[in-house]
Amino acid sequence: MTDQQPVPEEVAQAARVRLAEWLTAQAPRPELGATPEELADWTAYQAEEYVVLVPPGYANQLFLVADHGISSFAPSSQTLEQAMVAARPQS
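This is a predicted model, so every value here is computed, not measured.

The biggest cluster of nonpolar side chains holds 14 residues, and the ones touching the most others in it are Leu-19, Leu-39, Trp-42, Ala-44, Leu-53 and Val-65. For this core, the secondary structure elements donating two or more residues are helix H1 (9-26), strand E3 (50-54) and strand E4 (62-66). Residues in contact with Leu-39, not counting those within four places in the same chain, are Arg-16, Leu-19, Ala-20, Leu-23 and Ala-34. Formed by 13 residues, the second largest nonpolar core is a distinct cluster that contains Tyr-50, Val-52, Ala-59 and Leu-80.

Encoded structure:
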């Protein structure tokens, strides 16, 4: 099991800004994207090199934010460890 640590609020906020930008870029129209303010109540914790962002309530889509990119995974079909391995750049 990966050790999950709380992150300082400034780190969590930076991850929320990056995720909001990523979600907006992925959306079919910009207004369907997200803002950091909309993600303010999402839980953030550190797992290895990732900040894991978890939406409130039941969430079957979690987000991994790292310097090398952003990815999402469904905890119902993939463990955190599997998601981190899959999200790492292949060299």
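Scanning the model with the defined rule gives 2 aromatic pairs in all. Their ring planes at 75° and their centres at 6.1 Å tell us that Trp-22 and Phe-63 sit as a pair that is edge-to-face. In this pair, Trp-22 is assigned in helix H1 and Phe-63 in strand E4, connecting sequence segments 41 residues apart. Residue Trp-22 is classed as partly exposed on the basis of its relative accessible area of 24%. Grouping aromatic residues by their ring pairs yields a cluster made of Trp-22, Trp-42 and Phe-63.

Tallied over the entire structure, the rule returns 4 salt bridges. Between Arg-29 and Glu-31 there is a salt bridge; the shortest N-O distance is 2.5 Å. Salt-bridge contacts for Glu-48 lead to Arg-88; the nearest nitrogen and oxygen are separated by 2.4 Å. Taken as a pair, Glu-48 in the loop between strand E2 (43-47) and E3 and Arg-88 in the segment after helix H2 (80-87) lie far apart in primary sequence, 40 residues in all. Glu-48 sits in the partly exposed class, given a relative accessible area of 46%. Among the charged side chains, a salt-bridge network with shared partners connects Glu-48, Glu-49 and Arg-88.

Here is what the cut-offs are and how they apply
- Residues numbered from 1 in each chain as written.
- Predicted model: local features only at pLDDT ≥ 70, side-chain atom pairs only at ≥ 80, totals over all residues.
- Heavy atoms only, no water.
- Core = buried A, V, L, I, M, F, W, Y, C linked by side-chain atoms within 4.5 Å.
- Buried < 20%, exposed > 50% of the residue type's maximum accessible area, 1.4 Å probe, protein only.
- Helix = DSSP H or I, 4+ residues; strand = E, 2+ residues; numbered from the N terminus.
- Contact = heavy atoms within 4.5 Å.
- Phe/Tyr/Trp six-rings, centres within 6.5 Å; stacked < 30°, edge-to-face > 60°.
- Salt bridge = Lys/Arg side-chain N within 4 Å of Asp/Glu carboxyl O.

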